[in-house]
Amino acid sequence: MPQAGWAGEYLPIADPVCVGAVSDGDLMAYLGQRARVVALHAGVDAQEARLRLGREYMALNGLGKYDRVLLWFEHDLWDQAVLIRVLSLLAGRAPLEGRLFLVPADGRRAFARMPAEELAALEPVPLGALQLEAGAEAWAAFADPDPTALDRLSRRALPLPHLAPALRRHLQDLPWRNDGLALTERLLLRAVADGATDLPGALAALRRADPVFQVTDLIVKEVAQRLSAGPQRLIGRDAPWQLTERGRMVLAGEARHRPPPRFQGGVMVGPDPAWWWDRRAAGVHGAP
């Protein structure tokens with residue numbers, strides 16, 4: 001970024017919003033909730049995670065002192081989820097009017113993979129009340145235990161260019177009606193079936209297969225642990241990674257996966273989920 005001429009103070013938001021439970025309410029309660037999620041996800045101390053998240057989110061209160069604030073968020077689900085969390089907290093803040101801009105992602109590459117001359121040529125787009133309100137609405141739906149509002153939102157034309165595909169990709173990680181697998185789980189099983197025997201191999205395969213959700217190593221590790229736990233595991237517990245007989249049957253559509261309890265945004269998922277992604281209807285439906 002300095003080579004491309006972009007200078008100024010840098011504020012990171014490292015909350016992996018697309019992972020684990022979220023809520024739309026008191027920020028202090030949210031920080032405690034997310035600290036527990038991050039501690040389990042990243043293997044760090046919960047108090048350390050709480051302090052870091054607190055510093056990052058509290059820094060949003062000081063944005064009014066800047067002449068211009070640029071939001072660098074890419075097209076993928078990880079970034080778009082954080083973007084709507086940030087916009088929900090900035091919505092209605094008069095001091096930022098006319099000073100908030102979104103740096104345009106090209107929908108294919110991370111900013112870090114763009115040459116300096118392309119980064120230098122980017123034209124930040126001003127964000128107004130319409131975009132802020134859309135972000136706040138999307139966040140409320142993302143955190144809702146009932147995913148139908150998010151499903152409807154993802155079908156609308158939204159004033160944030162990459163948000164709708166990211167929201168639909170998030171919903172596709174609810175269990176699918178036909179086999180009980182989330183999309184990321186299915187992609188991981190396919191990667192292992194095609195020869196990925198460890199975390200780096202699986203990560204590379206999932207990134208090639210899914211441009212909308214560019215998973216991290218920790219996300220793949222967490223999904224693999226979930227699929228290799230319990231007596232009906234789909235991936236063997238020992239290295240090198242291999243599908244179990246049940247894993248091969250589920251991937252082939254000959255058996256049904258019963259997911260362990262977890263949260264997908266605000267939605268609770270369990271062995272008998274209340275909500276499914278219906279492939280044929282291409283949307284979210286309640287359990288029959």
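Higher on the page you've got the structure.
Overview of the structure. (Residues numbered from 1 in each chain as written. Predicted model: local features only at pLDDT ≥ 70, side-chain atom pairs only at ≥ 80, totals over all residues. Heavy atoms only, no water.)

### With respect to the overall build of the protein
If you tally the helices and strands in the protein, you get 11 helices and eight strands. Relative to a compact globule of 288 residues, whose C-alpha radius of gyration would be 19 Å, the protein shows 20 Å and is just as compact. Each principal axis of the C-alpha distribution contributes one length, and for the protein these read about 60 × 40 × 40 Å. The proportion of buried residues among the 288 residues of the protein is 49%. Put simply, of all contacts in the protein between residues at least 6 apart along the chain, 61% involve residues at least 24 apart. (Helix = DSSP H or I, 4+ residues; strand = E, 2+ residues; numbered from the N terminus. Rg over C-alpha atoms; globule rule 2.2 N^0.38 Å. Buried < 20%, exposed > 50% of the residue type's maximum accessible area, 1.4 Å probe, protein only. Contact = heavy atoms within 4.5 Å.)

### Things to note about the pattern of salt bridges
In total, this model carries 15 salt bridges according to the counting rule given. Between Asp151 and Arg168 there is a salt bridge, and its shortest N-O distance comes to 3.9 Å. Here Arg168 lies in helix α7 (residues 163–171) and Asp151 lies in helix α6 (residues 148–154), a separation of 17 residues in the sequence. Taken individually, Asp151 and Arg168 each receive the classification buried, so the pair is uniform in this respect. Here Arg169 and Asp173 are joined by a salt bridge, their closest N and O atoms 3.3 Å apart. Among the ionic contacts, a cluster of salt bridges with common partners joins Asp106, Arg108, Arg109 and Glu118. (Salt bridge = Lys/Arg side-chain N within 4 Å of Asp/Glu carboxyl O.)

### Some details on the sheet that holds strand β1 (residues 20–21)
The strand order across the open sheet formed by three strands is β1-β5-β6, and the pairing between neighbours is mixed. Looking along the sheet, the strands with just one partner apiece sit at the ends: β1 and β6 (267–269). The sheet contact formed by strand β5 (residues 262–265) and β6 spans three bridges and is antiparallel. Looking across to β6, one finds that Arg262 is bridged to Val269. (Pairing = 2+ DSSP bridges.)

### Considerations on helix α10 (residues 217–227)
Those residues of α10 that sit buried are Ile219, Val220, Val223, Ala224, Arg226 and Leu227. Along the long axis of α10, the arc covered by the buried residues comes to 160 degrees, so they all point the same way. (Arc of directions from axis to C-beta.)

### Examining the pairing of β5
Sheet topology places β1 next to β5; two bridges connect them, and they run parallel. When the sheet's bridge partners are listed, Ala21 is paired in β5 with Gly265. What sits between β5 and β6 in their antiparallel hairpin is a turn of one residue.

### Examining the nonpolar core
Among the nonpolar cores identified, the biggest contains 78 residues, and Val17, Tyr57, Leu71, Phe142, Leu167 and Leu188 are the most heavily contacted of them. Looking at this core, the element that brings in the most residues is helix α3 (residues 77–90), giving 10 residues. Not counting residues up to four positions away in its chain, the partners in contact with Tyr57 are Ile13, Asp15, Val17, Tyr30, Leu31, Arg85 and Leu89. The next biggest cluster of nonpolar side chains, apart from the first, holds eight residues, and it includes Trp6, Ala105, Met114 and Leu119. (Core = buried A, V, L, I, M, F, W, Y, C linked by side-chain atoms within 4.5 Å.)

### Let's talk about the side chain of Arg168
A distance of 3.0 Å separates polar atoms of two side chains, one belonging to Arg168 and the other to Ser154. Setting aside anything within four residues of it in sequence, one finds Arg168 in contact with Asp151, Ser154, Arg155, Trp277 and Ala282. (Polar contact = N/O pair within 3.5 Å; in protein donor to acceptor, adjacent residues only side chain to side chain.)

### Observations concerning the packing of helix α1 (residues 27–42) against helix α2 (residues 46–58)
One can describe the packing of α1 onto α2 by two numbers: an axis separation of 8 Å at closest approach and a directional angle of 135 degrees. Here α2 runs oblique to α1, going by the angle between their axes. Crossing handedness for the pair α1 and α2: right-handed. Here Leu27, Met28, Tyr30, Leu31, Gly32, Arg34, Ala35, Val38 and Ala39 of α1 come into contact with α2, specifically with Ala46, Ala49, Arg50, Leu53, Gly54, Tyr57 and Met58. (Axes fitted to C-alpha atoms, helices over the stretch in contact; angles between N-to-C directions. Parallel < 35°, antiparallel > 145°, perpendicular 65-115°, else oblique. Left-handed = near helix turned anticlockwise from the far one by under 90°.)

### Points about the pairing of strand β8 (residues 283–286)
Note that strand β7 (residues 275–278) and β8 share four bridges and pair antiparallel. By the bridge assignment for β8, Trp275 is matched with Gly286. Between β7 and β8, which follow one another and run antiparallel, lie four residues, and Ala282 among them has a positive phi close to 50 degrees.

### Notes on α1
In an α-helix there are 3.6 residues to a turn, and that puts residues three or four apart on one side. The end-to-end C-alpha distance of α1, which contains 16 residues, comes to 21 Å, matching closely the 22 Å that a straight helix rising 1.5 Å per residue would cover. Among the residues making up α1, those that are buried are Tyr30, Leu31, Gly32, Gln33, Arg34, Ala35, Val37, Val38, Ala39 and His41. On its buried face, α1 is in contact with β1, α2, α3, α5 (129–142) and α10. One side-chain oxygen of the residue at the start of α1 lies 3.1 Å from the amide nitrogen of Met28, identifying that residue as Asp26. At the exit of α1 stands Gly43, carrying a positive phi of roughly 70 degrees. (Expected span 1.5 Å × (residues − 1).)

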